[in-house]
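Each chain, letter by letter, is given below.
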Amino acid sequence: MFAAATGGQVFGYVLILIAGVAVVVALVWAVRLGMKVREREPSPPRPHEQPRPPASGPVHETSEVREPDAVPRAADESERLTPHELNAAGSRRADDQRRRRWSPGSSGSFGSGGSGRT
């Protein structure tokens with residue numbers, strides 16, 4: 001009823017079994033290595049070690065209107081400016097701090113399907 005396995009089949013089964021055991025051993029080793037690395041990491045800060053807001057109260061976000069700085073021109077048209085010759089900030093505080101609004105009659109967004117300003 002049952003036929004005996006040939007030598008080649010037995011070798012294939014043993015090879016698959018050894019490969020499976022090797023994969024399991026590699027996974028167990030990886031998990032243990034991860035646990036050891038995790039143990040060496042510092043623990044998360046305790047509640048009394050957490051940062052506190054300043055005594056003056058929470059810091060609020062400020063909003064201001066900025067305008068771009070003009071890019072300075074080189075003295076000679078044939079030379080160019082290098083990064084260290086430019087200003088550190090690309091913008092400065094605008095004199096007029098009123099927020100710009102959309103023009104009346106404009107669509108308000110690009111591609112809204114309206115006719116826009118007429």
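Let me begin by describing the structure that accompanies this report. All residue numbers refer to positions counted from 1 along the written sequence of the respective chain. Confidence filtering applies because this is a predicted model: local features only for residues at pLDDT of at least 70, side-chain atom pairs given and counted only at 80 or more, and all residues used for totals across whole chains, interfaces and linings. Computation of side-chain values covers all heavy atoms of the structure but excludes hydrogens and water.

### Section: the overall build of the protein chain
In terms of regular secondary structure, the protein chain is built from 1 helix and 2 strands. Runs of H or I in DSSP of at least four residues are treated as helices and runs of E of at least two as strands, each being numbered from the N terminus. Across the protein chain, helices and strands are ordered from the amino to the carboxyl terminus as α-β-β. Burial status follows relative accessibility: with a 1.4 Å probe on protein chains alone, a residue under 20% of its type maximum counts as buried, one over 50% as exposed, and anything between as partly exposed. Sorting the 118 residues of the protein chain into buried and exposed places 3% on the buried side. Long-range contacts, defined as pairs at least 24 residues apart, comprise 47% of the intrachain contacts of the protein chain with a sequence gap of at least 6. A total accessible area of about 11,800 Å² is found for the protein chain, and carbon and sulfur atoms account for 59% of it. We call two residues in contact whenever any of their non-hydrogen atoms come within 4.5 Å of each other. All accessible areas in this document rest on Shrake-Rupley with a 1.4 Å probe, and a residue is counted as covered only by the protein chains that are shown.

### Overview of the pattern of salt bridges
Salt bridge, as used here, is a side-chain nitrogen of Lys or Arg placed within 4 Å of a carboxyl oxygen of Asp or Glu. Under the definition given, this model contains 4 salt bridges. A salt bridge links Glu67 to Arg92; the shortest N-O distance between them is 3.2 Å. You can see Glu67 sitting in strand β1 (residues 66–68) and its partner Arg92 sitting in strand β2 (residues 91–93), a full 25 residues away along the chain. Glu67 sits in the partly exposed class, given a relative accessible area of 26%. Where Arg98 meets Asp96, a salt bridge forms, and the shortest distance between an N and an O atom there is 3.1 Å. The exposure class of Arg98 is exposed, given its relative accessible area of 63%. By relative accessible area, which is 41% here, Asp96 ends up partly exposed.

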